[in-house]
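Architecture and fold: a report
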Amino acid sequence: MSAKAWTRSASAVALIAALAGCATEKRTPLVVPIPTFTPSSSPVTSAPARIVGVLPTGCDAIASVDEISDMVGKPMPGQAKLVNGSADASIGRTARMDCYYGLGTSEQVDDAPVHVGLASYGDAKAASTRVEKTVADEKGAGAKASDVTVGADKGTLLVGRKLATLVATYQATTVVVIASLDVVPASQAPTVLAKIADRALSPR
């Protein structure tokens, strides 16, 4: 082999060796970082607890004047007036409280456009019996009854000539919400009164 041919052959061997080295060279794998997520520190909110046992001590606990005004969609003048009732063993009632909203300067509770009442009973059966009697009495007076949802519970709406009344129970507690149809029209009563009753059953 001539020197020139030998030189070309050596160059070819060197090129092949270089290509082989490139082909077998280990490559560093591409690492894609996996994002991490930090759990939110925001508290998980839940629905207010339903009333069990002793009734609250003031009207603001079951609904403030501002809350009633917002739910009704009209300002309720004046302060809420609290009337504490008494126990009545004949019907199993252990306590009662009534709150009257929108009285303005009047002292006559019958003038209140919105009335919310809570009562506690010896047991759930006594509470349900009382509500059933109220529904029967109102229907007997001509009110139209319909079922409504009060939060996770059920209630009955009774619409008469001048007033809309909602009654419901939670365990041994009853709630009644009465509103003048001049303030809460019959078409809005199912939603508005249910909101008020739900709030009253969840005192805070």
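Thresholds applied
Residues numbered from 1 in each chain as written. Predicted model: local features only at pLDDT ≥ 70, side-chain atom pairs only at ≥ 80, totals over all residues. Heavy atoms only, no water. Salt bridge = Lys/Arg side-chain N within 4 Å of Asp/Glu carboxyl O. Helix = DSSP H or I, 4+ residues; strand = E, 2+ residues; numbered from the N terminus. Buried < 20%, exposed > 50% of the residue type's maximum accessible area, 1.4 Å probe, protein only. pLDDT = per-residue confidence, 0-100. Contact = heavy atoms within 4.5 Å. Pairing = 2+ DSSP bridges.

1. Comments concerning the pattern of salt bridges
When charged atoms on two side chains of opposite charge get close, those side chains can pair. Under the defined criterion, the tally for this structure stands at six salt bridges. The residue aspartate 198 makes a salt bridge to arginine 50 at a minimum N-O spacing of 2.6 Å. A residue pair is termed long-range when its members are at least 10 positions apart, and aspartate 198 in helix α5 (residues 189–200) and arginine 50 in the loop between α1 (3–24) and α2 (59–62) qualify at 148 residues. Taking the relative accessible area as the measure of exposure, arginine 50 reaches 17% and is therefore buried. Among the charged side chains, a network of salt bridges with common partners joins Arg50, Asp153 and Asp198.

2. Structural notes on the confidence of the model for the protein
Predicted confidence across the protein gives a mean pLDDT of 84, with 76% of residues reaching 70 or more. Segment residues 1–46: pLDDT under 50, and one contact once partners within four positions in sequence are set aside and those in other chains are kept.

3. Considerations on the pairing of strand β6 (residues 163–170)
When strand β5 (residues 153–159) meets β6, the two strands line up antiparallel, connected through five bridges. Residue pairing for β6: threonine 156 is matched across the bridge by valine 167. What sits between the antiparallel neighbours β5 and β6 is a turn of three residues. Here eight bridges tie β6 to strand β7 (residues 173–180), and the two strands are oriented antiparallel to one another. Across the sheet, leucine 163 pairs through a bridge with serine 180, a residue of β7. Where β6 hands over to β7, the hairpin turn is made up of two residues, of which glutamine 171 adopts a positive phi near 55°.

4. Brief notes about unusual backbone geometry
Phi is positive for glutamine 171, close to 55°, though the residue is something other than glycine. Residue placement: glutamine 171 occurs in the loop between β6 and β7. Glutamine 171 sits in the partly exposed class, given a relative accessible area of 44%.

5. Brief notes about the pairing of β5
Across the seven residues of β5, six count as buried, placing the element largely inside the fold. Where strand β4 (residues 144–150) and β5 come together, seven bridges link them in antiparallel fashion. By the bridge assignment for β5, lysine 144 is matched with valine 159. The turn joining β4 and β5, which pair antiparallel and follow one another in sequence, is formed by two residues; a positive phi near 65° is taken by glycine 151.

6. Some words on the environment of threonine 191
Structurally, threonine 191 is set in helix α5. Take threonine 191: its relative accessible area is 47%, and that puts it in the partly exposed class. Along the backbone, threonine 191 and valine 150 are 41 residues apart, and their C-alpha atoms lie at a distance of 9.0 Å.

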